[in-house]
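Commentary on secondary and tertiary structure
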Amino acid sequence: MKTNKLKPDKSITGLLPAIVAIAAIVLASIFLGVPIGYKVLAGVIFIYSLFQYYAFSKVRSLAYFLSATYILSFSLFLFSVPVSEHGFNEKDFSLLSKFLVFTTIFLLLWLIYLLFTRKTKWKGRELFELAAASVNETSDGFTQRPRPAGKINFLKEDLLAYAGFLRRNHIALPFIEMDRVVLVPVKMGREFSLLYRFRPDYRDRSWVAIDYNGEVTVQISKRDYLEYKDQLSFDQLCESLGNLFKEFLEIFLKNEGVRIINRLDSTGVGIFS
């Protein structure tokens, strides 16, 4: 039986958009009436769809495109359907409303499938579990400094392709710089500030940088380090995380990317963590 080294994830950040949407329809329905409440909900959800399309422009994954389109379809349905104080009646649905019901349900079922096959989740926790698997407990703790983690050989085009693979599969977000690629592992619930800010900043996060000469540098943030149950050797942990990204690059260059996904999924991290 696997023993995870990270503390359980108790964050509710991922639920905040749903909480805001529910609060919007409840408050609007109470003060403005049920029909207005549904239209307010439609407006909130429409705004969510724009944010999700913006995130898709950064991630370029099927899951984000389907999620954005599902949210847009749902919002357009709420805008199109007539609503009374008692809600809406399917007998009053126009052809457009019926089409939007079909597309919304179809996309929702597709997203549920992707959810349970782990295609929608960010796999940062899995990375940190794998990195810690062989790391020992120690009396030494966190150090606020990047650490060199060896060297690897590759072509620049291969590194950029690898960065795209990690991005599309929700493993890490790449920041392409003049002389290096910085790969930022993303945990579920921690993606919002990276995806929805116009100019996101990775400097206070954990990252693995690979320069175009093959040098690898690792930084693990204090927040990520303190999420381990035990005090682990910081140097070993940085080296292990760097080695993991180097190993994944070698696997990717063999066109065996599915092995990377399987390795991450084998950690047993929950689909919502």
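Keep in mind the model is a prediction, meaning the values are calculated, not measured.

**Details of the sheet that holds strand β2 (residues 172–176)**
Taken in spatial order, the five strands of this open sheet run β1-β5-β4-β3-β2, and their pairing is antiparallel. Every other strand in the sheet has two partners, leaving β1 (147–151) and β2 as the edge strands with one partner each. Neighbour-to-neighbour, the strand axes of the sheet open up by a mean angle of 20 degrees, direction not taken into account. Helix α9 (residues 234–253) rests against β1, β2, β3 (180–185), β4 (207–211) and β5 (215–219) of the sheet, and its axis sits at about 35 degrees to β1.

**Concerning the side chain of serine 97**
Among the secondary structure elements, serine 97 is positioned in helix α4 (residues 95–116). On the basis of relative accessible area, serine 97 is assigned to the buried category, the value being 0%. A polar contact of 3.0 Å, which involves the side chain of serine 97, links it to the side chain of serine 80. In this view, serine 97 contacts Phe77, Ser80 and Val81; residues no more than four positions away in its chain are not counted.

**What to know about the nonpolar core**
Across soluble globular proteins, nonpolar side chains have a tendency to be buried as a group. Among the nonpolar cores identified, the biggest contains 40 residues, and Tyr162, Leu183, Ile220, Leu237, Phe245 and Phe248 are the most heavily contacted of them. Among the elements that make up this core, the one with the highest residue count is α9 (10 residues). Sequence-distant contacts of isoleucine 220, defined by excluding residues within four places in its chain, comprise Phe128, Phe142, Ser206, Tyr225, Phe234, Leu237, Cys238 and Leu241.

Criteria and thresholds
One numbering rule holds for all chains: residues counted from 1, following each sequence as written. Whole-chain, interface and lining totals are the exception, using all residues; otherwise, since this is a predicted model, local features are given only for residues with pLDDT of at least 70 and side-chain atom pairs are given and counted only at 80 or more. With hydrogens and water stripped out, all remaining heavy atoms of the structure feed into the side-chain values. Two strands pair if DSSP finds at least two bridges between them. Strands here are runs of E lasting at least two residues and helices are runs of H or I lasting at least four, both read from the DSSP assignment and numbered beginning at the N terminus. For helices, the fitted axis covers only the stretch in contact; all axes are lines through C-alpha atoms, and the angles between them, taken along N-to-C directions, range from 0 to 180 degrees. In this analysis, two residues are considered to be in contact whenever any of their non-hydrogen atoms come within 4.5 Å of each other. Burial classes follow relative accessibility: with a 1.4 Å probe on protein chains only, a residue under 20% of its type's maximum area counts as buried, one over 50% as exposed, and anything between as partly exposed. Between N or O atoms, a polar contact is any pair within 3.5 Å; within protein, one atom must be a potential hydrogen donor and the other a potential acceptor, and residues adjacent in sequence are included only when both atoms are from side chains. Only buried Ala, Val, Leu, Ile, Met, Phe, Trp, Tyr and Cys residues count toward a nonpolar core, and they belong to the same one when joined by side-chain atoms within 4.5 Å.

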